[in-house]
Amino acid sequence: EFVAPDRFFSIQQLHDMPDPGDGARWPNMILMAGAGEFRVYLPLINPPAQDPMNRIAGRYPLTRNKWYDVSVHINISVEDDGWLKVYIDDNIIVDESGHATHYDDAEGPNFKLGVYNIFGHKEKYNPQTGKIASAYFSNCWHYAPA
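What you see is a predicted model, and the numbers here were worked out from it, not measured in a lab.

Draft legend 1. Spatial organisation of the sheet that holds strand 6 (residues 83–88). With antiparallel pairing, 3 strands are arranged side by side in an open sheet as 5-6-7. The open sheet has two edge strands, strand 5 (70–75) and strand 7 (91–97), and neither has a second partner. Between one strand and the next, the sheet's axes are offset by a mean angle of 5°, whatever the strand orientation. By the bridge criterion, 6 bridges tie strand 5 to strand 6 in an arrangement that is antiparallel. Looking across to strand 6, one finds that Val72 is bridged to Val86.

Draft legend 2. Representation of the environment of Ser138. You can see Ser138 is positioned in the segment after strand 8 (107–116). When the C-alpha positions of Ser138 and Trp67 are compared, they lie 9.6 Å apart, and in sequence the two are 71 residues distant.

Draft legend 3. Broad picture of the pattern of salt bridges. Tallying each qualifying case throughout the model produces 8 salt bridges. Note that Arg25 is salt-bridged to Asp16, the shortest N-O span being 2.6 Å. For the residue pair Arg25 and Asp16, the accessibility class agrees, reading buried in each case. Across the salt bridge formed by Arg25 and Asp105, the nearest N and O atoms sit 2.4 Å from each other. Of this pair, Arg25 sits in the loop between strand 1 (8–17) and strand 2 (29–34) while Asp105 sits in the loop between strand 7 and strand 8, and the two are 80 residues apart along the sequence.

Draft legend 4. Examining the pairing of strand 6 more closely. Side chains Leu84, Val86 and Ile88 of strand 6 all project onto a buried face; the interleaved residues Trp83, Lys85 and Tyr87 project onto a face where none is buried. The antiparallel pairing of strand 6 with strand 7 creates a hairpin that spans 2 residues between the two strands, and Asp89 there sits at a positive phi of about 50°.

Draft legend 5. Spatial organisation of the side chain of Arg25. Judged by relative accessible area, Arg25 falls into the buried class, the value being 11%. Among the polar contacts listed, one links the side chain of Arg25 to the side chain of Asp16, at a separation of 2.6 Å. Polar contacts involving the side chain of Arg25 include one to the side chain of Asp105, which spans 2.4 Å. Other than its neighbours up to four places away in sequence, Arg25 contacts Asp16, Met17, Pro18, Asp19, Ala49, Gln50, Asp51, Pro52, Tyr103 and Asp105.

Draft legend 6. Region of interest: the side chain of His102. As for its position among the elements, His102 is in the loop between strand 7 and strand 8. A residue is classified by how much of its surface remains accessible, and His102, at 8% relative accessible area, is buried. Of note is the side chain of His102, whose polar atom sits 3.3 Å from the backbone oxygen of Gly108. Excluding residues within four positions of it along the chain, His102 makes contact with Asn28, Pro48, Ile76, Ser77, Val78, Glu107, Gly108 and Pro109.

Reading the values: the criteria
The written sequence of each chain sets the order in which its residues are numbered from 1. Restriction of local features to residues with pLDDT of at least 70 applies here, the model being predicted, together with a cutoff of 80 or more for giving and counting side-chain atom pairs; totals for whole chains, interfaces and linings are based on all residues. With hydrogens and water stripped out, all remaining heavy atoms of the structure feed into the side-chain values. Strands were regarded as paired on the criterion that DSSP finds at least two bridges between them. In DSSP terms, a helix is any run of H or I states spanning at least four residues, a strand is any run of E spanning at least two, and both are numbered starting from the N terminus. Whenever a helix is involved, its axis is fitted only over the stretch in contact; in every case the axis is a line through C-alpha atoms, and angles between N-to-C directions fall within 0 to 180 degrees. Throughout this description, the term salt bridge denotes a Lys or Arg side-chain nitrogen within 4 Å of a carboxyl oxygen of Asp or Glu. The rule is simple: take the accessible area with a 1.4 Å probe, protein chains only, and divide by the maximum for that residue type; under 20% is buried, over 50% is exposed, in between is partly exposed. Polar contact is the term for a pair of N or O atoms within 3.5 Å; when the atoms are in protein, one must be able to donate a hydrogen and the other to accept it, and sequence-neighboring residues count only if both atoms are side-chain atoms. Here, two residues are considered to be in contact whenever any of their heavy atoms come within 4.5 Å of each other.

Encoded structure:
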């Protein structure tokens, strides 16, 4: 549900936990929705480095008012044995391996689910609710190694 369908909003993130003194940088992974597609954004540089830039690693068509099955599989690592796979409706849209998938931080990353206005869009909102986008989630599962 987008009041501003020409814009993108984060609906899921793997967000880093910067150590004190770390500079600006792109989160480990962001899944965005809007403007007719899903997009998976990753840091521009692999392994992730202190850089606020990003790249689009995968795309998938988005139809409004439709449920999607999204699955994120990741081996979180600061070494070159990291990998990431993202599926939407059983279609693989990101399949990367052989590089770090996490910043070398003392903590994190954290999984975040929900709409986040990462670009700070301010116009085109619903005057009754003040919202610019909504997303609905069900059957959310988080698995971790033993």
